[in-house]
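# Chains, contacts and geometry: an overview
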Amino acid sequence: MPAATRVSLLVPLTLNNMPTLATTVDGLKLPNPFVIGSGPPGTNLNVINKAFKEGWGAVIAKTVSLEAGKVVNVTPRYAKLYAGDGKEVIGWENIELISDRKFSIWLEEFKKIKDAYPEGILIASIMEEFSKDAWVEIVERCQDAGVDAFECNFSCPHGLPERKMGAAMGQVPEILSEVCGWVMSAAKKPVWAKMTPNVTRIQDLSRAALRAGCQGLAAINTIRSVMGVNLDTLRPEPTVEGFTTPGGYSSKAVKPIALRMVMEIATMIRSEFPGRSLSGIGGLESGGDAAQFILLGSDTVQVCTGVMKFGYGCVKQMCNELLQFMEKHKFETLADFKGRSSITSLRMRSWCACRPSARQRKPRPQSKSSW
Ligand SMILES: Cc1cc2nc3c(=O)[nH]c(=O)nc-3n(C[C@H](O)[C@H](O)[C@H](O)COP(=O)(O)O)c2cc1C
């Protein structure tokens, strides 16, 4: 975000009926809808406390599992795509796994964070193998440590497929449904299932999680990708000792895909599971981006790579921008505009289908090279 834009948007609001960003989702009271997405920005006690201090609405910690010893993170694990100016990062690939920090240390830190910020909404992101005992244990121990909610990571594209974890689990509706059932049998706190975009129809997997009883969904995790091939070394990026693997793509470039998937999930929730929640994720960097996710049906929004690019303080700017948007349209609460544009898009579709001019228009002649 250019500095000039940041400053000009910080104009104080002058409304009689001031809009509010405060929202309650699945019983969780958030001061604003901006949530730290699971990843490096929520990787330990210090940074999570910093996020609460800066005013984030909630924090989702880096994904944890019972046996951190099985997780080996490599370096380098990021590769970036720059805009034409060679400076702005618009795409970000990572081959980072879930947390490699001991589960017992995480539990201590969850307790300390809740002691320091009792009102702060702390969400544990959890991932385990296909074992009922393991999922029940991780849920019970995290909730004993005081977390406010869970996000089940069914969506890491590169992490631990050999253990059938992450997206390997989240791409099969029957397995996803069974695991969500195990989690729900133990959870006394709200549960969100985090969905992978690396499927043909995200609604089918989302439906499986909601049928099993999850209170909400979060979408999207990263998109499976190869950032590029280094033309000097002839190795794909990022390369670790000459080897690589496809990773997960995030940042600004994924926003259009994330918005499409959020719209599809929200439409399904509205017709089949009214009242369930949705946390929109993917390339968010501004209050305007957040407004778009909410207009398409999100209750909250998550930011991960944006925090890595701009720092924790960016939440203040995002809140201001979202308030400016609400003031402009005379929306007083997030509920006043949640899902509004999704409804428009449905109407558009049926309107197009009915329009005689659209139906009768002759197709353009195809160029010879097209297929
Ligand atoms: C370096 C990195 C590590 C991540 N680690 C996790 C993780 O541990 N668990 C998880 O559910 N998502 C993880 N994510 C995915 C993000 O939470 C988010 O879904 C995705 O990056 C898209 O949002 P963004 O464009 O705001 O980053 C990670 C993303 C990045 C960039």
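Another point: the overall build of the chain. Helix and strand content of the chain: 13 helices and 16 strands. When each of the 371 residues of the chain is scored for burial, the buried share is 52%. By sequence separation, contacts in the chain at least 24 residues apart represent 73% of the contacts at least 6 residues apart. A total of about 17400 Å² of accessible surface is found on the chain, and carbon and sulfur atoms cover 55% of it.

Now for the site of the ligand. Not every one of the 22 residues close to the ligand is listed here, only the nearest: S38, T63, K194, G283 and T305. Between the ligand and the protein, one listed contact pairs an oxygen atom with a backbone N or O atom of S38 at 2.6 Å. Take G283: an N or O atom from its main chain is 2.8 Å from an oxygen atom of the ligand. Contact with the protein chains covers 99% of the free accessible surface of the ligand, which is 600 Å². For the shell around the ligand, the class distribution of residues is 6 nonpolar, 13 polar and 3 charged.

Taken as a whole and assessed by the stated rule, the structure comprises 8 aromatic pairs. A centroid spacing of 4.9 Å and a plane angle of 50° characterise the contact between F130 and W182, whose relative ring orientation is tilted. In this pair, F130 sits in the loop between β7 (122–126) and α4 (132–144) while W182 sits in helix α6 (residues 173–186), placing the two residues 52 residues apart along the sequence. Overall, the relative accessible area of 42% leaves F130 in the partly exposed class. Three or more aromatic residues link up through ring pairs in this structure, and these residues are F325, F331 and F337. Seen from the ring of W106, R101 lies directly overhead, with NZ or CZ sitting 5.1 Å from the centre.

What follows is about the nonpolar core. With 92 residues, the main nonpolar core has W56, F110, I126, W135, C142 and L322 as its most contacted residues. The residues contacting I126, other than those within four sequence positions of it, are T63, V64, W135, I138, V139, C142, F150, E151, C152 and N153.

So, about the sheet that holds strand β5 (residues 78–82). Here 4 strands make up an open sheet; going across it, the order is β5-β6-β14-β11 and the pairing antiparallel. A strand with exactly one partner marks an edge of an open sheet, and here the two such strands are β5 and β11 (223–225). Along the sheet, successive strands turn relative to each other by an average axial angle of 35°, direction set aside. With 5 bridges connecting them, β5 and strand β6 (residues 89–94) associate as antiparallel partners. Bridge pairing links A79 to E93 in β6.

Looking at the element boundaries, V226 is found in the loop between β11 and β12 (228–229). Sequence separation between V226 and P246 is 20 residues; the distance between their C-alpha atoms is 5.1 Å. Excluding anything up to four places from it in sequence, V226 contacts E93, P236 and P246.

With that settled, consider the confidence of the model for the chain. Scored by pLDDT, the chain has a mean of 89; 87% of the residues are at 70 or more. Between residues 1–15, whose pLDDT stays under 50, and residues either more than four places distant or in other chains, the model counts 22 contacts. Ignoring residues within four places in sequence, the model shows residues 366–371, a span with pLDDT below 50, making 0 contacts including any to other chains.

This part covers the side chain of K114. Within the element layout of this structure, K114 appears in helix α3 (residues 103–116). Look at K114 and you get buried, because its relative accessible area is 14%. Only 3.1 Å separates the side chain of K114 from the backbone oxygen of P118, close enough to count as a polar contact. Excluding residues within four positions of it along the chain, K114 makes contact with G120, L122, G146 and D148.

Next up on the list: the pairing of strand β10 (residues 216–219). Within a regular beta strand, the side chains point alternately toward one face of the sheet and then the other, so they alternate between its two faces. Side-chain alternation along β10 places G216 and A218 on one buried face and L217 and A219 on a second face that is also buried. Two elements, strand β9 (residues 191–194) and β10, share 3 bridges in a ladder whose sense is parallel. What sits directly across from K194, in β10, is A218. The pairing of β10 with strand β15 (residues 277–281) spans 4 bridges and is classified as parallel. Paired with G216 across the bridge in β15 is S277.

Moving on: the packing of helix α8 (residues 255–272) against helix α9 (residues 287–295). A pair of packed helices can be characterised by two numbers: the angle between their axes and the separation between those axes. One way to put it is that α8 packs onto α9 with a least axis distance of 9 Å and a crossing angle of 25°. Here α8 lies roughly parallel to α9, going by the angle between them. Along the contact surface, α8 presents K255, A258, L259 and V262, while α9 presents D289, Q292 and F293.

Moving on to the sheet that holds β7. Working definition: the strands of a sheet are paired by backbone hydrogen bonds and lie parallel or antiparallel to each other. Within the closed barrel, the 8 strands sit side by side as β3-β4-β7-β8-β9-β10-β15-β16. Their pairing is parallel. Neighbouring strand axes in the sheet, compared pairwise and without regard to direction, differ in orientation by 25° on average. Contacting β10 and β15, α8 runs over the sheet at an angle of about 175° to β15.

How each quantity is defined
- Residues numbered from 1 in each chain as written.
- Predicted model: local features only at pLDDT ≥ 70, side-chain atom pairs only at ≥ 80, totals over all residues.
- Heavy atoms only, no water.
- Helix = DSSP H or I, 4+ residues; strand = E, 2+ residues; numbered from the N terminus.
- Buried < 20%, exposed > 50% of the residue type's maximum accessible area, 1.4 Å probe, protein only.
- Contact = heavy atoms within 4.5 Å.
- Areas by Shrake-Rupley, 256 points an atom, 1.4 Å probe, with all protein chains shown as cover.
- Near = heavy atom within 4 Å.
- Polar contact = N/O pair within 3.5 Å; in protein donor to acceptor, adjacent residues only side chain to side chain.
- Nonpolar A, V, L, I, M, F, W, Y, C, P; charged D, E, K, R; others polar.
- Phe/Tyr/Trp six-rings, centres within 6.5 Å; stacked < 30°, edge-to-face > 60°.
- Lys NZ or Arg CZ within 6 Å of the ring centre and 35° of its normal.
- Core = buried A, V, L, I, M, F, W, Y, C linked by side-chain atoms within 4.5 Å.
- Pairing = 2+ DSSP bridges.
- Axes fitted to C-alpha atoms, helices over the stretch in contact; angles between N-to-C directions.
- pLDDT = per-residue confidence, 0-100.
- Parallel < 35°, antiparallel > 145°, perpendicular 65-115°, else oblique.

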